[in-house]
Amino acid sequence: MSDSLSLQTPTPRSAVVALLDDAMVQTALARVNSGAQAPRTVVAVDMHLSFMRAVHGDVKTTVQVVGGGKTMVFCEAQLRNAQGEVLAQALGTYRAQAS
């Protein structure tokens, strides 16, 4: 999954956390609901976040599932600037549960 947006001023860290968490949640939801008979939601079990640079300007979020099974999903998300430099990176663990 990949999303782009433009941030004109330095962005607070809390906004970066929310952005990366939401991106990983959407990816985890897609994973646990592919082929599922009943829709499921996911809850965050753990998240680790690293900030490398100030966040502003055009940015792109990428997320990939790096592991998991039927109920757990492990995701990695990166926020990059237009030059491709990593601004922030997150690792998240999400547990699926019935809606």
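Enquirer: Just checking my understanding: could you explain the packing of aromatic side chains for this structure?
Expert: The geometry of an aromatic ring pair comes down to the distance between the two centres and the angle between the two planes. Under the definition given, this model contains zero aromatic pairs. Directly above the aromatic system of Phe51 lies the positively charged group of Arg13, at a separation of 4.6 Å from the ring centroid.

Enquirer: Help me understand the side chain of Asn81 in this model?
Expert: Tracing the sequence through the fold places Asn81 in strand β4 (residues 72-81). On the accessibility criterion, Asn81 (13% relative accessible area) is buried. For Asn81, the side chain forms a polar contact with the main-chain nitrogen of Gln83, separated by 3.1 Å. Looking at Asn81, its side chain comes within polar contact range of the side chain of Glu85, at 2.7 Å. Aside from chain neighbours lying at most four places away, what touches Asn81 is Asp58, Val59 and Leu87.

Enquirer: Please clarify how the pairing of strand β3 (residues 57-68) should be interpreted in this entry.
Expert: Side-chain positions along a regular strand alternate between the two faces of the sheet. Across nine bridges, β3 lies against β4 in antiparallel orientation. For Thr61, the partnering residue across the bridge sits in β4 and is Leu79. Linking β3 to β4, which pair antiparallel, is a turn of three residues.

Enquirer: Got a minute to help me understand the environment of Lys70 in this structure?
Expert: Relative to the helices and strands, Lys70 resides in the loop between β3 and β4. Along the primary structure Lys70 and Arg31 are separated by 39 residues, whereas in three dimensions their C-alpha atoms are 9.3 Å apart. Excluding anything up to four places from it in sequence, Lys70 contacts Arg40 and Ala96.

Enquirer: Got a minute to help me understand the pattern of salt bridges in this structure?
Expert: A side chain with one charge may pair with a side chain of the opposite charge, provided their charged atoms come close. For the structure on display, the rule yields one salt bridge. Salt-bridge contacts for Glu85 lead to Arg53; the nearest nitrogen and oxygen are separated by 3.7 Å. Here the residue Glu85 occupies a position in the loop between β4 and β5 (86-98), and Arg53 occupies one in the loop between β2 (40-51) and β3, the gap between them amounting to 32 residues.

Each value, and the rule that gives it
Residues numbered from 1 in each chain as written. Predicted model: local features only at pLDDT ≥ 70, side-chain atom pairs only at ≥ 80, totals over all residues. Heavy atoms only, no water. Phe/Tyr/Trp six-rings, centres within 6.5 Å; stacked < 30°, edge-to-face > 60°. Lys NZ or Arg CZ within 6 Å of the ring centre and 35° of its normal. Helix = DSSP H or I, 4+ residues; strand = E, 2+ residues; numbered from the N terminus. Buried < 20%, exposed > 50% of the residue type's maximum accessible area, 1.4 Å probe, protein only. Polar contact = N/O pair within 3.5 Å; in protein donor to acceptor, adjacent residues only side chain to side chain. Contact = heavy atoms within 4.5 Å. Pairing = 2+ DSSP bridges. Salt bridge = Lys/Arg side-chain N within 4 Å of Asp/Glu carboxyl O.

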